[in-house]
Amino acid sequence: MNKKKRILYVVTDVATAGGVMSIISKKVNYLLQNGYIVDILSITRSEKTFYKLHKNVKLLFFDSHNGNILKNLISTLRMIKQTKYDIIISADAQYMTWVLPFFSSSKKILELHQSYDGIIEYIRDRYHSKLVSSFFSFLKKIAYPFYDRIITLTEEDREKWGYRQTLVIPNFHTLEIKQEVQETKKAIVCVGRFHHQKGYHLLIEAWKVVANLYPDWKLHYYGEAVSSRSIQILKDLNAPSSFELKGYESNPDKLYGNYYLNIVPSISESFSLSVIEAMCYSVPSVSFDITGPRSIIKDGVNGVLVDAYNTKELANKIISLIENKPFRNKLSKACLESATYYTQNEIMSKWLELFKNI
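Description of the structure in this document. Note that the structure is predicted; figures quoted are calculated from it, not measured. (Residues numbered from 1 in each chain as written. Predicted model: local features only at pLDDT ≥ 70, side-chain atom pairs only at ≥ 80, totals over all residues. Heavy atoms only, no water.)

The next point concerns the overall build of the protein. Scanning the protein from N- to C-terminus turns up 14 helices and 13 strands. Since a compact globule built from 358 residues should have a radius of gyration of about 21 Å, the 21 Å found for the protein is in line with a globular shape. When the 47 positive and 35 negative side-chain charges of the protein are each reduced to one mean point, those points stand 7 Å apart. (Helix = DSSP H or I, 4+ residues; strand = E, 2+ residues; numbered from the N terminus. Rg over C-alpha atoms; globule rule 2.2 N^0.38 Å. Lys, Arg positive; Asp, Glu negative; His and termini not counted. Charge placed at Lys NZ, Arg CZ, Asp CG, Glu CD.)

As structure tokens, then:
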């Protein structure tokens with residue numbers, strides 16, 4: 001590389017825990033280690049980042065004029081123009097997504113971390129207005145075609161968006177792939193925010209059936225910190241005592257090590273990082289048959305897919321896998337092979353190729 005390319009990543013909040021900032025921080029660190037200059041612009045001003053960033057990452061903040069959006073927008077666009085970035089990437093960057101294509105001569109990439117169906121569902125559930133939904137659809141039709149590249153996580157989403165400049169680059173893991181199947185806990189794991197979109201209410205309904213038949217088994221739910229709100233939700237939904245909230249955990253050995261199964265009960269999911277991370281530990285996933293997980297899971301080969309929202313079928317599949325060790329072992333071994341397709345080097349090579357040719 002003769003000239004170091006300068007990249008600006010625009011995100012909502014660098015202090016946020018979750019899949020989006022987790023994967024972006026790893027990408028940014030990788031790029032810095034491979035000769036790129038990378039700045040991050042956070043829409044929300046935060047005292048510190050949630051995930052560790054390379055010491056050479058420059059952090060910028062949109063909110064510098066006490067909440068005055070117009071002044072913030074003008075000063076931010078001026079800064080972007082003066083810095084002369086080679087590439088600007090918008091990753092769930094709120095209103096900056098709509099203006100970046102028109103106010104910068106840099107090459108622009110839109111990185112979509114929500115599924116097509118998930119975005120539609122989010123807007124509908126949040127605003128409950130056809131007028132607002134139509135407005136957002138209008139913004140997409142105006143702005144999206146002016147991005148040089150649009151990146152989706154799955155082929156299904158690429159086809160649904162339908163833009164000619166769309167490429168598929170999935171997320172990756174940074175874990176060591178284990179070489180053997182280990183099951184020592186009579187427990188099943190679920191990893192994700194304790195949020196309605198993640199389907200905790202559906203998982204609780206299914207787990208009631210499992211716990212009735214196997215009262216000595218546990219379900220460990222890892223995600224955000226345990227709060228009085230989440231504890232109250234468990235009470236309101238009459239969750240069995242074996243459904244345990246474990247809070248946030250960054251150590252993957254504790255998240256996936258020695259569990260029998262990983263459950264993905266999400267209503268919508270763009271990719272599901274937990275599926276490929278669990279695969280590294282030979283832990284197969286049982287998931288609702290939705291966009292993200294079905295791009296990774298081959299039903300009956302390296303995991304199991306269940307009709308969306310069907311809590312009865314979810315419970316039955318979990319029970320059958322608890323009882324059928326030979327089938328579980330077959331899935332586990334296939335998981336280890338599948339995990340090799342999603343290593344950091346494998347996926348980041350696609351990004352480096354994109355940056356080289358854009």
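Before going further, it helps to examine the pattern of salt bridges. In this structure the tally under the stated criterion is 12 salt bridges. A salt bridge links glutamate 111 to lysine 27; its shortest N-O distance comes to 2.8 Å. Residue glutamate 111 is found in strand S5 (residues 107–111), and its partner lysine 27 is found in helix H1 (residues 19–33); the two are separated by 84 residues along the sequence. Taking relative accessible area as the criterion, glutamate 111 reaches 2% and is therefore assigned buried. Put simply, glutamate 244 and lysine 246 hold a salt bridge, and the shortest N to O gap is 3.8 Å. (Salt bridge = Lys/Arg side-chain N within 4 Å of Asp/Glu carboxyl O. Buried < 20%, exposed > 50% of the residue type's maximum accessible area, 1.4 Å probe, protein only.)

Take the state of the cysteines next. Counted according to the given criterion, the structure contains zero disulfides. You can see cysteine 280 has no disulfide; the closest cysteine sulfur is in cysteine 335, sitting 9.5 Å from it. Take cysteine 280: its relative accessible area is 0%, and that puts it in the buried class. (Disulfide = S-S within 2.5 Å.)

What follows is about the nonpolar core. Trp207, Tyr221, Phe243 and Ile318 are the most contacted members of the largest nonpolar core, which has 35 residues in total. Elements with a contribution of two residues or more to this core: strand S8 (187–191), helix H7 (200–213), strand S9 (218–222), helix H8 (228–236), strand S10 (243–247), strand S12 (285–288), strand S13 (303–306) and helix H12 (311–323). Of the residues forming this core, the biggest block, eight residues, is contributed by H7. Ignoring sequence-local partners within four residues, the contact set of isoleucine 318 consists of Ile188, Trp207, Val210, Leu261 and Ile263. Judged by nonpolar contacts, the second largest core, of 30 residues, contains Met21, Tyr30, Met348 and Phe355. (Core = buried A, V, L, I, M, F, W, Y, C linked by side-chain atoms within 4.5 Å. Contact = heavy atoms within 4.5 Å.)

Turning to the environment of valine 10, a few remarks are in order. Tracing the backbone shows valine 10 in strand S1 (residues 6–11). The spacing of valine 10 and aspartate 39 is 29 residues in sequence and 8.6 Å in space, taken between C-alpha atoms.

The next point concerns the packing of aromatic side chains. This model, assessed by the stated rule, comprises 20 aromatic pairs. Relative to phenylalanine 136, the ring of tryptophan 98 has its centre 6.5 Å away and its plane inclined at 50°; by these criteria the two rings are tilted. One end of the pair, tryptophan 98, is in helix H3 (residues 96–99); the other, phenylalanine 136, is in helix H5 (residues 130–143), with 38 residues separating them in the sequence. Residue tryptophan 98 shares its accessibility class with phenylalanine 136, and that shared class is buried. Taken together, Trp98, Tyr116, Phe135, Phe136, Tyr144, Trp161 and Tyr163 form an aromatic cluster joined through their ring pairs. (Phe/Tyr/Trp six-rings, centres within 6.5 Å; stacked < 30°, edge-to-face > 60°.)

Here we come to the layout of surface pockets. Of the volumes computed, that of the second largest pocket is approximately 290 Å³. Lining of the second largest pocket is provided by 13 residues; of these, Tyr116, Ile120, Ser133, Ser137 and Lys140 occupy positions nearest its centre. When residues of the lining of the second largest pocket are traced back to their parent elements, those giving at least two are helix H4 (116–127), H5 and helix H6 (155–161). Tallied by class, the residues present in the lining of the second largest pocket amount to six nonpolar, two polar and five charged. (1 Å grid on protein atoms, 1.4 Å probe; cavity = no way out; pocket = protein on both sides within 12 Å on 5 of 7 lines; lining within 4 Å. Points joined across faces, edges and corners; volume = space filled by probe spheres on them. Nonpolar A, V, L, I, M, F, W, Y, C, P; charged D, E, K, R; others polar.)

On to empty space enclosed by the protein. Tallied over the entire structure, the rule returns two cavities of 30 Å³ or more. Roughly 50 Å³ of internal volume is contained in the largest cavity. Within the residue set of the lining of the largest cavity, elements represented by two or more residues are S9 and S10. Here the element with the most residues in the lining of the largest cavity is S10; it accounts for three residues. Of the residues belonging to the lining of the largest cavity, the class tally is six nonpolar, three polar and two charged. The computed volume of the second largest cavity comes to approximately 30 Å³.

The seven strands lie next to each other as S3-S2-S1-S4-S5-S6-S7, forming an open sheet whose pairing is parallel. Edge positions in the sheet fall to strand S3 (58–61) and strand S7 (166–168), since each has one partner strand and no second. Across the sheet, the mean angle from the axis of one strand to that of its neighbour is 25°, orientation sign disregarded. Sheet contacts for H1: S1, strand S2 (37–42), strand S4 (87–91) and S5; angle to S1, the most-contacted strand, approximately 170°. Contacting S1, S4, S5, strand S6 (149–152) and S7, helix H14 (residues 344–357) runs over the sheet at an angle of about 150° to S5. (Pairing = 2+ DSSP bridges. Axes fitted to C-alpha atoms, helices over the stretch in contact; angles between N-to-C directions.)

Among all residues save glycine, negative phi is the norm, and among peptide bonds the norm is trans. Residues other than glycine seldom take positive phi values, yet lysine 84 does so here, at roughly 60°. Take lysine 84: it is sitting in the loop between helix H2 (69–83) and S4. The class of lysine 84 is exposed, set by a relative accessible area of 68%.

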